[in-house]
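Spelled out from the first residue to the last, the chains are:
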Amino acid sequence: FDPKYIRNFSIVAHIDHGKSTLADQLLLQSGAITQREFREQLLDDMDLERERGITIKARAVAINYTLDGQVYELNLIDTPGHVDFHYEVSRSLAACEGAILLVDSTQGVQAQTVANAYLAIGNDLAIVPVLNKIDMQASRPEEIKEEIMTTLGIDPSEVLAVSAKSGLGVPDLFRAIIERVPPPAGDPDKPLRAMIFDSKFDDYQGVVVYVRVVDGTLKVGQKIRLMAGGTDFEVVSLGRFRPREVACDELGVGQVGYVSANIKKLSDVRIGDTITQVPGGATEALEGYEEPVQVVFCGLFPASHNQFDDLRTALQKLALNDSSFTFEPETSDALGFGFRCGFLGMLHMEIIQQRLERESNLMLVQTAPNVTYEILNRKGEILHISNPTRIPDPGDIEEFREPIAKVNFILPTENIGAIMQLCEDRRGTYIKTEYLSTTRAILTYQLPLAEMIYDLYDKLKSATRGYGTMDYELQGFRADDLCRLDILVAGQKVDALSIVVHRDHADRRGRKLVKKLKGEIDRHQFEVPIQAAIGSRVIARETIQALRKNVTAKCYGGDVSRKRKLLEKQKEGKKRMKQVGNVEISQEAFLSVLDDS
Ligand code: GDP
Ligand code: MG
């Protein structure tokens, strides 16, 4: 296929602005799927994606479209919109020459609209700006074009308008893609170079990698080399997603597809690596991806001790499908053997945990999430620590530094005050306010990452009745008066419950924590003291009274359903119990240390 007639593009947008719906519509109007095969958000085929109605993994689909008698091959890469999945977006963009920047014409420019647009511009992509949902009553196309102009400097006359739902305006969009997105620029006569942008594990085929061919041709039966590790394989099968997998004999310049080559070892494949041919291979690999930065860490432990190996296998498999999280073995006095894992954000963490449990049938206990801290110790060494239990004792710390982020909120002007208060309460530093229009503004703050990862997003949503959005960018570390707060249960330090807090908030957090834990830990046959301490100084204490002989005493007089509920609740809790000394602590108790509300 002549690369002249190939277009590779992705769709970027803020969450819910209609990317997946537009992808459906492009498939439908190009004839890649029939009305009968059609189902909504067709590309979101992962169970979790369908349940939550969001896209987690990027997808690549090859479709054919005929314009003015010429057949074009369009490779469309659908991307997730949530801030946590930026990394997926940036990888997709590296495989494209263009991006459709989709903006919901009832909502306007949002935080991820701006962030994703800059990502696309940074990758030198041709931008095709498109307003969506113009079928809706609340659509305000002219106003939103102005916003696009103000935030991104895009001329309103370049902006298309569609309804991804009804298909209105989509033929014009096809034309704009073909006219404005440049064809791939690779050289078919050069040695093969193909970029691995994704991979998955298949029980029969082993590792299947998703590639975009940059130079040369990839053929069935060909000997290939993965350049980073220098390992060789033979191509068993090749194909493209249309949207189902359809096998083919070769992939040429600019084409996107999958490669199966009997790759059995998960560790052989690296996302961002280059595939070349053997012999006569390329000497220079393609520029890889920027390594993703994990910002949230937590411990994941199997609920039962004998599942450690299963957890390791599950993590390895998942890492192949999502290379943006990290894991390394960790031992906890309280929780035994498990892994310390790093994620791109809270949603990412939640999703990885759920995928692990579902895809590998594991039951996990998760510790409170935290960020990475930078510590300058008394010996003048700088330590990077993402596990609170490793933080040195107060006397050994010269300077305790935490990650700082620049946060952009896009919100209705009437909510500026509320969000400023929210940021001030979280040790924020005001930077500026810019007006998008008379009713909407961009508010910029500097905030400690630790103060925003947990619930800032939810708080923003409720304060702005859903209209506010945010995006952030890390800016390095800053010293502050921080300390490690430990929790002792029955006199024993529970390593998995240690957290880092600002000293001004330590007393309040400590008191709240022990109170909360008191409510979460069941009564035992003996008295259980719960203490919060900084170093050796106890700052708060609560005591769980010993259980009275009659276990169901508290149910007497209550109705039957209440009693049953209680028993069920106990059973549920049992599933995720951990033994600390001779005290049992539930998963909920571990998570309760998070909640600062
Ligand atoms: P994504 O998060 O960007 O992938 O957004 P989705 O494609 O999942 O769409 C979010 C919601 O907007 C869904 O409920 C869609 O049905 C709806 N939607 C998308 N495009 C349109 C449109 O053009 N018109 C209307 N009325 N609704 C749309
Ligand atoms: Mg989607």
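For every chain, the first residue of its written sequence is number 1, and the numbers climb from 1 along that sequence. A letter from A marks each chain and a number from 1 marks each ligand, given out in the order of writing. Only residues with pLDDT of at least 70 are given local features in this predicted model, and only at 80 or more are side-chain atom pairs given and counted; all residues enter the totals for whole chains, interfaces and linings. Hydrogens and water are ignored here; the side-chain numbers use all heavy atoms of the structure.

In the annotation of an unreviewed UniProt entry, the protein chain is listed under the name Elongation factor 4 and assigned to Paludisphaera borealis. Per UniProt, the comment on the protein chain under Subcellular location (unreviewed entry) is "Cell membrane". UniProt positions are given in the numbering used here, feature names are shortened, and annotations may be inferred rather than shown by experiment.

Asker: I tried to follow the side chain of Glu73 on my own but got confused; where do I start?
Answerer: Note that Glu73 resides in strand E3 (residues 70-78). Judged by its relative accessible area of 2%, Glu73 is buried. Within the structure, Glu73 has its side chain in polar contact with the side chain of Gln255 (distance 2.9 Å). Those residues within four positions of Glu73 in sequence are excluded, and the remaining contacts are Phe1, Tyr5, Ile6, Arg7, Ile63, Asn64, Arg240 and Gln255. Going along the chain from the N terminus, every DSSP run of H or I of four or more residues is numbered as a helix, and every run of E of two or more is numbered as a strand. The buried label goes to any residue with under 20% of its type's maximum accessible area, the exposed label to any with over 50%, and the partly exposed label to all in between, with areas taken from a 1.4 Å probe on protein chains only. Between N or O atoms, a polar contact is any pair within 3.5 Å; within protein, one atom must be a potential hydrogen donor and the other a potential acceptor, and residues adjacent in sequence are included only when both atoms are from side chains. Only heavy atoms enter the contact rule, under which two residues are in contact if any of them lie within 4.5 Å.

Asker: Could you clarify how one ought to interpret the site of ligand 1 in this entry?
Answerer: Residues are labelled near a given molecule or strand when at least one of their non-hydrogen atoms is within 4 Å of it. Taken together, 16 residues surround ligand 1, and among them Asp16, Lys19, Thr21, Asp135 and Ala164 come closest. Within the backbone of Gly18, an N or O atom sits 3.0 Å from an oxygen atom of ligand 1. Lys165 has a polar backbone atom sitting 3.1 Å from an oxygen atom of ligand 1. Notes on ligand 1: free accessible area 580 Å², of which the protein chains cover 84%. A per-element tally of the shell around ligand 1 places helix H1 (residues 19-29) first, with three residues. Taken together, the residues that form the shell around ligand 1 break down as three nonpolar, eight polar and five charged. To be clear on the numbers: accessible area is Shrake-Rupley with a 1.4 Å probe, and residue cover counts the displayed protein chains and nothing else. Amino acid classes used here: Ala, Val, Leu, Ile, Met, Phe, Trp, Tyr, Cys and Pro are nonpolar; Asp, Glu, Lys and Arg are charged; the rest, including Gly, are polar.

Asker: Looking at this model, I keep getting lost on the nonpolar core. Mind explaining?
Answerer: In summary, soluble globular proteins display a tendency toward joint burial of nonpolar side chains. The biggest cluster of nonpolar side chains holds 48 residues, and the ones touching the most others in it are Leu356, Phe409 and Met452. Contact partners of Met452, with chain neighbours within four places excluded, come to Ala405, Val407, Leu447, Met470 and Tyr472. Only buried residues count toward a nonpolar core. Its members are Ala, Val, Leu, Ile, Met, Phe, Trp, Tyr and Cys residues joined through side-chain atoms within 4.5 Å.

Asker: Would you mind going over helix H5 (residues 141-152) with me for this structure?
Answerer: Note: α-helices contain 3.6 residues per turn, so residues at a spacing of three or four share the same orientation. Given the number of residues in a helix, its expected span is that number minus one, multiplied by 1.5 Å. The end-to-end C-alpha distance of H5, which contains twelve residues, comes to 16 Å, matching closely the 16 Å that a straight helix rising 1.5 Å per residue would cover. Those residues of H5 lying buried are Ile144, Lys145, Glu147, Ile148, Thr151 and Leu152. Projected down its long axis, H5 carries its buried residues within an arc of 155°, all on one side. In this fold, the buried residues of H5 make contact with strand E4 (98-104), helix H4 (111-122), strand E5 (126-132) and strand E25 (440-448). Looking at the residues trailing H5, positive phi occurs at Gly153, about 70°. Relevant arc is that of directions from the helix axis to the C-beta atoms, nothing else.

Asker: What should I look at first to understand the confidence of the model for the protein chain in this one?
Answerer: Predicted coordinates in regions of low pLDDT should not be interpreted in detail. In predicted models, pLDDT denotes the confidence assigned by the predictor to each residue on a 0 to 100 scale. Scored by pLDDT, the protein chain comes out at a mean of 84, with 86% of its residues at no less than 70. Considering only residues more than four positions removed or in separate chains, one finds that residues 52-58, a stretch of pLDDT under 50, has 39 contacts. Across residues 553-558 the pLDDT falls below 50, and counting only partners more than four positions away or on other chains, this stretch makes six contacts in the model. Interface predicted TM-score (ipTM) for the complex: 0.99; the corresponding pTM is 0.73.

Asker: When you look at the UniProt feature "binding site: GTP" (unreviewed entry) in the protein chain in this model, what are you seeing that I'm missing?
Answerer: UniProt records the feature "binding site: GTP" (unreviewed entry) at Asp16, His17, Gly18, Lys19, Ser20, Thr21, Asn132, Lys133, Ile134 and Asp135, using the numbering of this structure. Each residue touching Asp16, except ones within four places of it in the same chain, is listed here: Asp104 and Lys133. As for its position among the elements, Lys19 is in helix H1. At 3.3 Å, the side chain of Lys19 and the backbone oxygen of His14 are in polar contact.

Asker: Would you take a moment to explain the side chain of Ser30 for this structure?
Answerer: Secondary-structure assignment places Ser30 in the loop between H1 and helix H2 (47-52). Looking at Ser30, its side chain comes within polar contact range of the main-chain oxygen of Leu27, at 3.1 Å. Discounting residues that sit within four places of it in the chain, Ser30 has contacts with Ile63, Asn64, Tyr65 and Phe174.

Asker: Got a minute to help me understand the pattern of salt bridges in this structure?
Answerer: Where side chains of opposite charge bring their charged atoms close, a pairing between them can arise. Here, a salt bridge means any Lys or Arg side-chain nitrogen found within 4 Å of an Asp or Glu carboxyl oxygen. Inspection of the entire model under this criterion finds 24 salt bridges. A salt bridge links Glu143 to Arg140, with the shortest nitrogen-to-oxygen separation between them at 2.7 Å. Here Glu399 makes a salt bridge to Arg401, at a shortest N to O gap of 2.7 Å. One network of salt bridges, with partners in common, ties together Glu402, Arg427, Glu451 and Asp480.

Asker: Mind showing me how you'd approach the sheet that holds strand E18 (residues 326-332) here?
Answerer: Pairing between the strands of a sheet comes from backbone hydrogen bonds, and it takes one of two forms, parallel or antiparallel. Strand order in the open sheet formed by four strands is E18-E19-E17-E20, and the pairing between neighbours is antiparallel. Each end of this open sheet is capped by a strand with a single partner; those strands are E18 and strand E20 (364-366). Geometrically, the sheet is characterised by an average inter-axis angle of 30° between neighbouring strands, direction not taken into account. The pairing criterion is simple: DSSP has to find at least two bridges between the two strands. Across three bridges, the pairing between strand E17 (residues 296-302) and E20 is antiparallel. Think of each axis as a best-fit line through the C-alpha atoms, taken over the contacting stretch in the case of a helix, with angles from 0 to 180 degrees between the N-to-C directions.

Asker: What exactly am I supposed to notice about the packing of helix H7 (residues 308-321) against helix H8 (residues 346-360) here?
Answerer: Pairs of packed helices are described in terms of their axes, by the angle between the two and the distance that separates them. Relative to each other, H7 and H8 sit at 115°, their axes nearing to 10 Å. Crossing angle aside, the handedness with which H7 passes H8 is right-handed. Where H7 approaches H8, its residues Leu311, Ala314, Leu315, Leu318 and Asn321 are matched on the opposing element by Ile352, Arg355, Leu356, Glu359 and Ser360. Residue classes in the contact of H7 with H8 are distributed as six nonpolar, two polar and two charged. Crossing handedness: left-handed means the near helix sits turned counterclockwise from the far one by under a right angle, and right-handed means the same turn made clockwise.

Asker: Can you walk me through the sheet that holds strand E16 (residues 274-277) in this structure?
Answerer: Here eight strands make up an open sheet; going across it, the order is E11-E10-E16-E7-E8-E15-E12-E13 and the pairing antiparallel. Sheet topology places strand E11 (231-234) and strand E13 (245-248) at the edges, where each strand pairs with a single neighbour. With direction set aside, neighbouring strand axes in the sheet form an average angle of 40°. Two elements, strand E7 (residues 193-202) and E16, share two bridges in a ladder whose sense is antiparallel. What sits directly across from Ala194, in E16, is Ile275. Contacting E7 and strand E8 (206-215), H7 runs over the sheet at an angle of about 145° to E7.

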